Every structure is written in structure tokens, then in C-alpha cells.
Amino acid sequence: MAQLPREQTNGALIISIIWWYWFRQSDRATTQRTREHLLGTMFAAGVGLFAARFLAATLPFRLRPRFEPGLHLVWPDAPTSLGLVDWSAFPSDHAVMFSALAVGLCFVSWRIGLAALVYAIVIVSFPRVYFGIHYPTDIIAGLALGALVAYCTNGVAVRRQLFGRVLLWEQRSPQVFYVGLFVVTFQFATMFNSVRQGVRAVFRLLATALGH
């Protein structure tokens, strides 16, 4: 996932909303339910990103529009866009992640969730079409995939059985739980930049080693 200007700010804003709802004062039952939904939402975003990368790797390669000479279009400059030449455009992992986070927030507050969804479409996704990073269909597929996963992980049975148990860890060992949660939310806020750089470095080392 190459980044356009201020994308780390985009991720940080949504994660800040998640943290705000995590620590919002309420009765015990509401707090439990809200935290289960938030965990389900972040889990959905992670699963959605994995699914998006899997689809991009297994489906036929799709060149990004700014590198497609047949379109005969002049695109605005996009930072780090050259790093996307060998990355398939379909589906948009940005759209997947932000859609999953936004739809998941709808289970906590439909107003905030709806605002987050508009934010994901207008602020996050539209610039990626404008700069030629994605076709509109890449965005639509990503939004649909993220929404579907978030809807499934926030179902009552999944939420209570899976994420209710995860919250027991928070009660038994809060210091370990919150360190882990901070690391996870930091990665979402920074669009997994450090992870992606590390993975790319490993692939380069393996390619160099195998080449010799």
C-alpha cells in the first residue's frame, strides 16, 4: 500500500475514534458490548487486508491506471507511485481497511460509522482514483469486501464467543493486553508502513540470495 499525502493522518483519525469509544464512560454491559464490537472491527480490517492481498496475488495482474499507456491520460504527481508498478490494483486494500473500520463503527454508533464511511469514500478512496492509483471498480470491490467482513465479525454469536473471550485477557493481564492493542492500532494508524517495508526487505534479501 503506497501512501498519498497525509494518509497516516487518515488512519490516525479513525483509530483515535476507536480509542475514544474504548475508554468512554458507560455502564458495564454497554462497555463490554462496545469493546467487543471494536475488537471485531479491527479484526475485520486485518482479515480484509489479508483477503485483499490474497486476491491481488492470485487474480490476474491489473496494472494501475496511471501506468496504463493505453489510457492516454496525464496524471498528477503521486508520492511513491513508482513503488506500485508491480502491485496489482485490484482490489484496493485502503478501501478494504477503511470500509471495515467504518462499518464496524456503525455497530457502536451509526452516526459516527456513517461519517467514517463517507470519510473513507471521499477523503481516502477518491484521491486514489484521482491520482490514478486505482480504477473506481478497485475501490468499489474494496469497500464491499471490507463491509462484508465487518458485518460478519460483528454478528452477535461471533462477537460474544470470540471477542468476549479476548476481553477476559484484558482483565487478567491488562499490561500485556494494552501493549498488544497499542501495537495493533499503531499499525492501522500508520497503514502498516513498517510491516510492509520489512516484508519488502525480506523479499529483496530472498531474491538476492536465490539469484546467486
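Predicted model, so just to flag it, every value in this text is computed and none were measured.

S.K.: Now, about the overall build of the chain: what can you tell me, with residues and values included?
M.R.: The secondary structure content of the chain amounts to eight helices and zero strands. Put simply, the chain has 212 residues, and 44% of those count as buried. Of the roughly 11,500 Å² of accessible surface on the chain, 70% is carried by carbon and sulfur atoms.

S.K.: Outline the layout of surface pockets, supporting the account with residue identities and numerical values.
M.R.: In this structure, the second largest pocket encloses a volume near 230 Å³. At the level of secondary structure, the elements contributing two or more residues to the lining of the second largest pocket comprise α2 (28–58), α6 (156–172) and α7 (174–189). In terms of residues, the lining of the second largest pocket owes the most to one element, α7, which gives five residues. For the lining of the second largest pocket, the class distribution of residues is 10 nonpolar, one polar and no charged.

S.K.: Got a sec to walk through the side chain of His134? Specific residues and values, please.
M.R.: Relative to the helices and strands, His134 resides in the loop between α4 (110–130) and α5 (136–153). Polar side-chain contacts of His134 include one of 2.9 Å to the backbone oxygen of Ala89.

S.K.: Requested: an account of the pattern of salt bridges, with residues and values cited.
M.R.: Applying the stated criterion to the full structure yields four salt bridges. In this structure, the salt-bridge partner of Glu170 is Arg35, at a minimum N-O distance of 3.6 Å. Here Glu170, found in helix α6, pairs with Arg35, found in helix α2; they are 135 residues apart in sequence, far enough to count as distant. A relative accessible area of 13% places Arg35 in the buried class. Close ionic contact of Arg62 with Asp138 constitutes a salt bridge, the shortest N to O distance being 2.6 Å. Highlighted residues: Arg62 in the loop between α2 and α3 (93–106) and Asp138 in helix α5, separated in sequence by 76 residues.

S.K.: Would you mind going over the environment of Ala57 in detail, with residue names and values included?
M.R.: Following the sequence through the fold, Ala57 ends up in helix α2. The exposure class of Ala57 is exposed, given its relative accessible area of 66%. Linking Ala57 and Ser88, residues 31 residues apart in sequence, is a C-alpha distance of 7.4 Å.

S.K.: Could you give an account of the packing of aromatic side chains, with specific residues and numbers?
M.R.: As enumerated under the stated definition, the model contains 12 aromatic pairs in all. Between Trp20 and Tyr21, the ring centres sit 4.9 Å apart and the planes meet at 85°, which makes this aromatic pair edge-to-face. Classification of Trp20 by relative accessible area gives exposed; the value is 54%. Look at Phe107 and Tyr151: their rings are 6.4 Å apart centre to centre, the planes differ by 45°, and that puts the pair in the tilted class. On the criterion of sequence distance, the pair formed by Phe107 in the loop between α3 and α4 and Tyr151 in helix α5 is long-range, its members being 44 residues apart.

S.K.: Give a description of the environment of Gly46 that names residues and reports values.
M.R.: Along the chain, the position of Gly46 falls in helix α2. Classification of Gly46 by relative accessible area gives partly exposed; the value is 29%. With 138 residues separating them in the primary sequence, Gly46 and Val184 have C-alpha atoms 9.5 Å apart.

S.K.: Lay out empty space enclosed by the protein in plain terms, naming residues and giving numbers.
M.R.: Under the defined criterion, the tally for this structure stands at one cavity of 30 Å³ or more. Of the voids in this model, the largest cavity is the one considered here, and its volume is about 40 Å³. Only α1 (7–22) and α2 provide two or more residues apiece to the lining of the largest cavity. A class-by-class count of the residues in the lining of the largest cavity yields two nonpolar, four polar and one charged.

S.K.: Pulling in residues and values, what's your account of the environment of Gly113?
M.R.: Among the structural elements, Gly113 can be located in helix α4. The spacing of Gly113 and Ser99 is 14 residues in sequence and 9.7 Å in space, taken between C-alpha atoms. Aside from chain neighbours lying at most four places away, what touches Gly113 is Ala102, Leu105 and Cys106.

Cut-offs used in this document
- Residues numbered from 1 in each chain as written.
- Predicted model: local features only at pLDDT ≥ 70, side-chain atom pairs only at ≥ 80, totals over all residues.
- Heavy atoms only, no water.
- Helix = DSSP H or I, 4+ residues; strand = E, 2+ residues; numbered from the N terminus.
- Buried < 20%, exposed > 50% of the residue type's maximum accessible area, 1.4 Å probe, protein only.
- Areas by Shrake-Rupley, 256 points an atom, 1.4 Å probe, with all protein chains shown as cover.
- 1 Å grid on protein atoms, 1.4 Å probe; cavity = no way out; pocket = protein on both sides within 12 Å on 5 of 7 lines; lining within 4 Å.
- Points joined across faces, edges and corners; volume = space filled by probe spheres on them.
- Nonpolar A, V, L, I, M, F, W, Y, C, P; charged D, E, K, R; others polar.
- Polar contact = N/O pair within 3.5 Å; in protein donor to acceptor, adjacent residues only side chain to side chain.
- Salt bridge = Lys/Arg side-chain N within 4 Å of Asp/Glu carboxyl O.
- Phe/Tyr/Trp six-rings, centres within 6.5 Å; stacked < 30°, edge-to-face > 60°.
- Contact = heavy atoms within 4.5 Å.

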